[in-house]
Amino acid sequence: MIRLMAAQALFGLAASAIFLAFPNQLMLIFGSAKESTYYTEFAVWFIRCQLFLLPLACVNKASFIFLQALGKPRQASVLSVSREFILGVGFTLLLPMIGGLYALPFFMPAADTVTFIAVAVVLLRVNKELETPITVKEQNEEKFIPSSEPPLTDYIITIGRSYGSGGRSVGKLLADKLNIPYYDAALLEETAKHSGLNQKYLASMDEKSVGANGLYQYMGFNFGHDSNFENLASQAQQEVIKITAQKGPCIIIGRRADQILHKTDKMLTVFITASVETRAKRVSERDGISLEESRGKIAKVDQERAAYYNQYSDSKWGSANTYDLCLDTDKLGIEGAVNIILNAVEQLNANA
């Protein structure tokens, strides 16, 4: 991040030096050399006032793209819109009222200065977030180590789940019953090692649709489908899931594993759900938030997971015809859902 900002600042500094050193030549692009001396002097002065903080403008633009690629589209959009419209237009109207015509050229330097301060605050917070180690709680205390006994199946079981339905609990208990590995957030750790990307960054975009290319193209950068961080992270996670599956039978939670491994012969795909009220109560108790906040969180996460899944597949997230088994923990409970899956695995083993 520091190298990117430094490179942009140097680029802006070089461009600014050119504008300040050769204003007369640049001014001729917009007007005739035969114009009055007053016009020439004012145009030169206007160019110098307008562009002397160009390095800040370049850093700001780079920051918008960086935040978007980092999975922070909301922050990137707010900062970009604020700089271009709220501050840009606002200072254009405000400065002439304060200092007259001669204050007008400073509207863009003023907008870039305020935006730069806001960008610095946002980037410091993002950097702190990325540097904070992931705790055991954030990993959902998920790691299950099978015993030395042989696994009770050679199937890979993928579990999709609506938020708060108990899909992780089903997966952990099932892994214990079948004596096979369980993978959830541990996939992020492996993806970080595989890709070199920050694990906190991977967690921030986990099971969310990729959408950075649009802003890249809008800003005039089109590096291809595989160039931005989101696509690199998505591809790295796919590779890790395939490598994980090659190691043998296991349980993988979410992350489109059923689609990524669709060519795998011995695989059972499961989706776990429950009513919104049951899920809201579970999330409320687990996270210490109100039921109303839980419902909002459930709606948001379900929407993100559906967008992530549907973006890469013709199948529909949560639809019955997408999975081998769809189970409702409202009626079955966690153990009941596990027992049904165990029965299915037993039948598959017998038919193999």
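Residues numbered from 1 in each chain as written. Predicted model: local features only at pLDDT ≥ 70, side-chain atom pairs only at ≥ 80, totals over all residues. Heavy atoms only, no water.

Caption draft 1: Structural detail: the overall build of the protein. When its secondary structure is counted, the protein shows 15 helices and five strands. In the protein, buried positions account for 44% of the 352 residues. In the protein, 73% of the contacts between residues at least 6 apart in sequence involve partners at least 24 apart. Per element, the accessible surface of the protein, about 18,700 Å² overall, is 60% carbon and sulfur. (Helix = DSSP H or I, 4+ residues; strand = E, 2+ residues; numbered from the N terminus. Buried < 20%, exposed > 50% of the residue type's maximum accessible area, 1.4 Å probe, protein only. Contact = heavy atoms within 4.5 Å. Areas by Shrake-Rupley, 256 points an atom, 1.4 Å probe, with all protein chains shown as cover.)

Caption draft 2: Highlighting unusual backbone geometry. With a phi close to 60°, Asn179 is a non-glycine residue in the positive phi region. Here Asn179 shows up in the loop between helix 7 (167–178) and strand 2 (182–183). By relative accessible area, Asn179 is classed as buried at 11%.

Caption draft 3: Representation of a nonpolar patch on the surface. A cluster of nonpolar side chains, namely Val81, Phe85, Ile86, Val89 and Leu93, defines an oily patch on the protein surface of about 500 Å² accessible area. Relative to the helices and strands, Ile86 resides in helix 5 (residues 73–99). (Patch = residues over 30% accessible without salt bridge, like charges linked within 9 Å, V, L, I, M, F, W, Y side chains within 5 Å. Salt bridge = Lys/Arg side-chain N within 4 Å of Asp/Glu carboxyl O.)

Caption draft 4: Molecular detail of the confidence of the model for the protein. Chain-level statistics for the protein give a pLDDT mean of 83 and a share of 83% at 70 or above. Put simply, helix 10 (residues 213–218) is where the protein has its lowest mean pLDDT, 40, and strand 4 (residues 267–273) is where it has its highest, 98. Of the regions scoring below 50 in pLDDT, residues 134–141 engages in 14 contacts with residues more than four places distant in sequence or in other chains. (pLDDT = per-residue confidence, 0-100.)

Caption draft 5: View of the sheet that holds strand 1 (residues 156–161). Within the open sheet, the five strands sit side by side as 2-3-1-4-5. Their pairing is parallel. Among the strands making up the open sheet, the edge pair consists of strand 2 and strand 5 (325–328). Along the sheet face, helix 7 touches strand 1, strand 2, strand 3 (251–253) and strand 4 and points at about 165° away from the line of strand 1. Across the sheet, helix 15 (residues 329–351) lies against strand 1, strand 4 and strand 5, angled at about 155° from strand 5, the strand it touches most. (Pairing = 2+ DSSP bridges. Axes fitted to C-alpha atoms, helices over the stretch in contact; angles between N-to-C directions.)

Caption draft 6: Highlighting helix 3 (residues 37–51). If you check helix 3, its first and last C-alpha atoms are 21 Å apart, about what 15 residues at 1.5 Å a residue would give, namely 21 Å. Every buried residue of helix 3 is listed here: Thr40, Ala43, Val44, Ile47, Cys49 and Gln50. (Expected span 1.5 Å × (residues − 1).)

Caption draft 7: Inspection of the pairing of strand 5 at higher detail. Residues of strand 5 alternate between two faces, with Leu325 and Leu327 buried on one and Cys326 and Asp328 left unburied on the opposite face. Across four bridges, the pairing between strand 4 and strand 5 is parallel. Looking at the pairing, Thr273 lines up with Asp328 of strand 5.

Caption draft 8: Examining the environment of Thr158 more closely. Of note, Thr158 is situated in strand 1. Judged by relative accessible area, Thr158 falls into the buried class, the value being 3%. Measuring from C-alpha to C-alpha, the distance between Thr158 and Ile253 comes to 5.9 Å, with 95 residues separating the pair along the chain. Non-local contacts of Thr158, meaning those with residues more than four positions away in its chain, are made with Ile252, Ala257, Asp258, Met267, Leu268, Thr269 and Val270.

Caption draft 9: Representation of helix 14 (residues 291–311) in the model. The end-to-end C-alpha distance of helix 14 is 30 Å, a good match for the 30 Å that 21 residues give at a rise of 1.5 Å each. Buried within helix 14 we find Ser294, Ile298, Val301, Asp302, Arg305, Ala306, Tyr308 and Tyr309. Across the axial projection of helix 14, the buried residues extend over an arc of 160°, all falling on one side. Residues of helix 14 that are exposed and angled more than 90 degrees away from the buried face: Glu292 and Gln303. (Arc of directions from axis to C-beta.)

Caption draft 10: Molecular detail of the pattern of salt bridges. Within this structure, the stated rule accounts for 13 salt bridges. A salt bridge links Arg168 to Asp184, with the shortest nitrogen-to-oxygen separation between them at 2.2 Å. With Arg168 in helix 7 and Asp184 in the loop between strand 2 and helix 8 (186–195), this residue pair connects regions lying 16 residues apart in the sequence. Residue Asp328 pairs with Lys331 through a salt bridge whose shortest N-O separation is 3.7 Å. Three or more residues are tied together by salt bridges with common partners; here these are Lys61, Arg83, Glu84 and Asp112.

Caption draft 11: Structural context of the nonpolar core. In this structure, Ile157, Ile159, Leu174, Ile251, Leu268, Val270 and Ile341 are the most contacted members of the largest nonpolar core, which totals 20 residues. Secondary structure elements with two or more residues in this core: strand 1, helix 7, strand 3, strand 4, strand 5 and helix 15. It is helix 15 that provides the largest number of residues to this core, a total of five residues. Ignoring anything within four residues of it in the chain, the contact list for Ile341 reads Val170, Leu174, Leu268, Val270, Leu325 and Leu327. Counting 12 residues, the second-largest nonpolar core is a separate cluster that includes Tyr183, Val240, Ala245 and Leu261. (Core = buried A, V, L, I, M, F, W, Y, C linked by side-chain atoms within 4.5 Å.)

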